[in-house]
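Chains, contacts and geometry: an overview
For reference, the chains in residue letters:
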Amino acid sequence: MAGDKPESISEIKTELNVTGLIGLLAFYFLIFLAGILSHKVLKRKSRKAAQAKQVSGNTEDMMLAGRDINYVIGVFTMTATWVGGGYINGTTEAVIKNGLVWTQAPFCYAISLALGGIFFAKKMRKRRFVTMLDPLQLKYGEKLGALFYIPAFSGEILWSASILAALGTSLRVICGLTDTVSVIISAAIAMTYTLFGGLYSVAFTDIFQLFCIFAGLIFSIPFMVHNEHVTMPLEIYNVTMFPDKSYSPFLGRIKGADVGVWIDYAIMMIFGGIPWQAYFQRVLSARSPKVAQVLSFFGAFGCFSAAIPSVIIGWIAMNTDWPATSLQQALTKPDYKLAVPLALMYLTHPAVAFIGLGAVSAAVMSSTDSSILGVSTMFTRNVFNKVFYPKASDRYPTC
């Protein structure tokens, strides 16, 4: 009956896909194994002496990977940290919902990283700070400076929630897992290998995860465009989902009354993206101030580039006749956030869908582990050590 049909795709309950679940668990196991073993790989015997000179103890070594992050590892970990599940799914959602002109995150965050490199990276690394709260405590005192941990912690919690929610929706659509189970498993794995290896583990797994992000999404796009229900060539103006609009739904438009809103969002993302411990953790772990600055610039390019596959998937979704697919219904506004997993599920082969899901999972874990490490680093150093237990030994906070 018509009344039994769900109002949105978000309400549809999918059956558990055992094959997909096994593949996903195998993928998670590889990431977990890489995270556990990476501490030994990166902390090589030939570099131990040099790393020991850069840090004051074992705790700082875990936080900053011995300040031994080079260009290659640094670029990967800087980019992967920014490119989370919310970034991938959110970019596609923004393209479908309001058009390219309102998809501000890619270029705003790229500008944010570039500004961080110009004004902060070199200076912070030269002063050998450990967290972004160190200069604030130096300026305002340890107790007052520790209060800045509250907004930093709140931001990390909200960021982690958004990226884990993106993974939950993706796994629900493709594998049939509930959001709660998906979030708990992903967060637990990221937390475990982060606790074992600190930034060593996070940086090393970021290399593998960033490769999965680019390879998984780019690999799935040709399968999507060759689906019989996708209009080819892709239209910019008369798109399948919005055929009656007088302007280009893909490009979008900014009304005169919305200019101030657009500018407000841009300022928030550009300058709000700089005071983030995950960013400064990579800057302060670089081998030299010059490396720290270069990582910011390359990270800006990587962050912008990583959004291109998501934009293309959004464009494909807009040119898809969704009621003609096995989904058998059109996408509504609440469903736009599911565009990536839906495109993978209904426009590609199941095997390709699982590869694309691996990309989303990798993006989520690469950002989640950074948030976990960033929050724990600031609490251990700037709150616990400097306010509550100044006489704590180097071993105590890491127990």
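Chains are numbered independently. Their residues run from 1 in the order of the written sequence. Under the rules for a predicted model, residues below a pLDDT of 70 receive no local features and side-chain atom pairs below 80 are neither given nor counted, while totals for whole chains, interfaces and linings still include all residues. Excluding hydrogens and water, the side-chain figures rest on all heavy atoms present in the structure.

Here we look at the overall build of the protein
Assigned secondary structure in the protein consists of 17 helices and 0 strands. Should any heavy atoms of two residues lie within 4.5 Å, those residues are considered in contact. Of the contacts made within the protein by residues no fewer than 6 positions apart, 84% connect residues no fewer than 24 positions apart. Computed with the Shrake-Rupley method and a 1.4 Å probe, the accessible areas treat only the protein chains shown as cover for residues. Total accessible area on the protein stands at roughly 18,100 Å², and carbon and sulfur atoms take up 67% of it. Numbering goes from the N terminus for both helices and strands, where a helix is a DSSP run of H or I of at least four residues and a strand is a run of E of at least two.

Some words on the environment of S370
Relative to the assigned elements, S370 resides in helix α17 (residues 350-388). Sequence separation between S370 and E156 is 214 residues, and the spatial gap between their C-alpha atoms is 9.4 Å. We call two N or O atoms a polar contact when they sit within 3.5 Å, provided that within protein one can donate a hydrogen and the other can accept it, with sequence-adjacent residues counted only if both atoms are side-chain atoms. Within the structure, the side chain of S370 is placed 2.8 Å from the side chain of R282, a separation counted as a polar contact.

Observations regarding the pattern of salt bridges
When a carboxyl oxygen of Asp or Glu lies within 4 Å of a side-chain nitrogen of Lys or Arg, that pair is called a salt bridge. Summed over all chains, the structure comprises 3 salt bridges. Close ionic contact of R381 with D134 constitutes a salt bridge, the shortest N to O distance being 2.9 Å. Here R381, found in helix α17, pairs with D134, found in helix α7 (residues 134-140); they are 247 residues apart in sequence, far enough to count as distant. Classification of D134 by relative accessible area gives buried; the value is 4%. A salt bridge links D134 to K386; its shortest N-O distance comes to 3.8 Å. Of the two residues, D134 is situated in helix α7 and K386 in helix α17; the sequence distance between them amounts to 252 residues. Burial classes: relative accessible area under 20% of the type maximum marks a residue as buried, over 50% as exposed, and values in between as partly exposed (1.4 Å probe, protein chains only). By relative accessible area, which is 22% here, K386 ends up partly exposed.

Structural notes on the packing of helix α4 (residues 71-82) against α17
Angles run from 0 to 180 degrees between N-to-C directions of axes, and those axes are lines fitted to C-alpha atoms, restricted for helices to the stretch in contact. Here α4 crosses α17 at 95°, and the two axes come no closer than 7 Å. By the criterion of interaxial angle, the relationship of α4 to α17 is roughly perpendicular. Note on element contacts: α17 touches α4 through S366, S367 and S370, opposite A80, T81 and W82. Residue polarity follows a fixed list, in which Ala, Val, Leu, Ile, Met, Phe, Trp, Tyr, Cys and Pro are nonpolar, Asp, Glu, Lys and Arg are charged, and the others, Gly among them, are polar. Split into classes, the residues belonging to the contact of α4 with α17 amount to 2 nonpolar, 4 polar and no charged. Should an angle lie under 35 degrees it is considered roughly parallel, over 145 roughly antiparallel, and from 65 to 115 roughly perpendicular; all remaining angles are considered oblique.

Thoughts on the side chain of T377
As for its position among the elements, T377 is in helix α17. The contact partners of T377, leaving out residues within four places of it in the chain, are M63, T131, Q277, Q281 and N382.

Some words on helix α9 (residues 149-174)
In this scheme, a helix's expected span is set at 1.5 Å multiplied by one less than its residue total. Along its 26 residues, α9 runs 38 Å from first to last C-alpha, staying within 8% of the 38 Å computed at 1.5 Å per residue. Looking at the residues trailing α9, positive phi occurs at G176, about 85°.

Concerning a positive patch on the surface
Surface patches are defined over residues having more than 30% relative accessible area and no salt bridge, joining like charges when they lie within 9 Å and nonpolar side chains (Val, Leu, Ile, Met, Phe, Trp, Tyr) when within 5 Å. Charge convention: Lys and Arg are scored as positive, Asp and Glu as negative, and His as well as the terminal groups of each chain are ignored. By convention, the charge on Lys lies at NZ, on Arg at CZ, on Asp at CG and on Glu at CD. Together, K97, K245, R253, K255 and K333 give the surface a local cluster of positive charge. By secondary structure assignment, the location of R253 is in the loop between α11 (199-225) and α12 (259-272).

A closer look at the packing of α4 against helix α13 (residues 277-284)
One can describe the packing of α4 onto α13 by two numbers: an axis separation of 10 Å at closest approach and a directional angle of 180°. Here α4 is positioned roughly antiparallel relative to α13, judged by the angle of their axes. The residues of α13 that touch α4, namely those facing T77, M78, T81 and W82, are A278, Y279, R282 and V283. The class makeup of the residues in the contact of α4 with α13 is 5 nonpolar, 2 polar and 1 charged.

A word on the environment of R381
When its relative accessible area of 23% is taken as the criterion, R381 is described as partly exposed. The spacing of R381 and A146 is 235 residues in sequence and 9.6 Å in space, taken between C-alpha atoms. Once you skip the residues sitting within four places of it in the chain, R381 turns out to touch E60, M63, V130, T131, D134 and K386.

Some words on the side chain of R67
When you line up the elements, R67 lands in the loop between α3 (58-64) and α4. When its relative accessible area of 1% is taken as the criterion, R67 is described as buried. Polar side-chain contacts of R67 include one of 3.0 Å to the backbone oxygen of R128. For R67, the side chain forms a polar contact with the main-chain oxygen of F129, separated by 3.1 Å.

Some details on the packing of aromatic side chains
For any pair of aromatic rings, geometry is given as the distance between the ring centres together with the angle between the planes. Here a Phe, Tyr or Trp ring, Trp counted by its six-membered ring, pairs with any other such ring whose centre lies within 6.5 Å, and the pair is stacked when the planes are under 30 degrees apart, edge-to-face when over 60, and tilted otherwise. Applying the stated criterion to the full structure yields 12 aromatic pairs. Three or more aromatic residues joined by ring pairs make a cluster, and in this case those are W82, Y87, Y109, W159 and W276. Working rule: Lys NZ or Arg CZ, within 6 Å of ring centre, within 35 degrees of ring normal, means a charge sits over the ring. Lying over the aromatic face of F242, K245 brings its terminal NZ or CZ to 4.5 Å of the ring centre.

Here we look at the environment of S112
Along the chain, S112 turns up in helix α6 (residues 105-126). Sequence separation between S112 and G273 is 161 residues, and the spatial gap between their C-alpha atoms is 5.7 Å. Those residues within four positions of S112 in sequence are excluded, and the remaining contacts are W82, M269, I270, G273 and I274.

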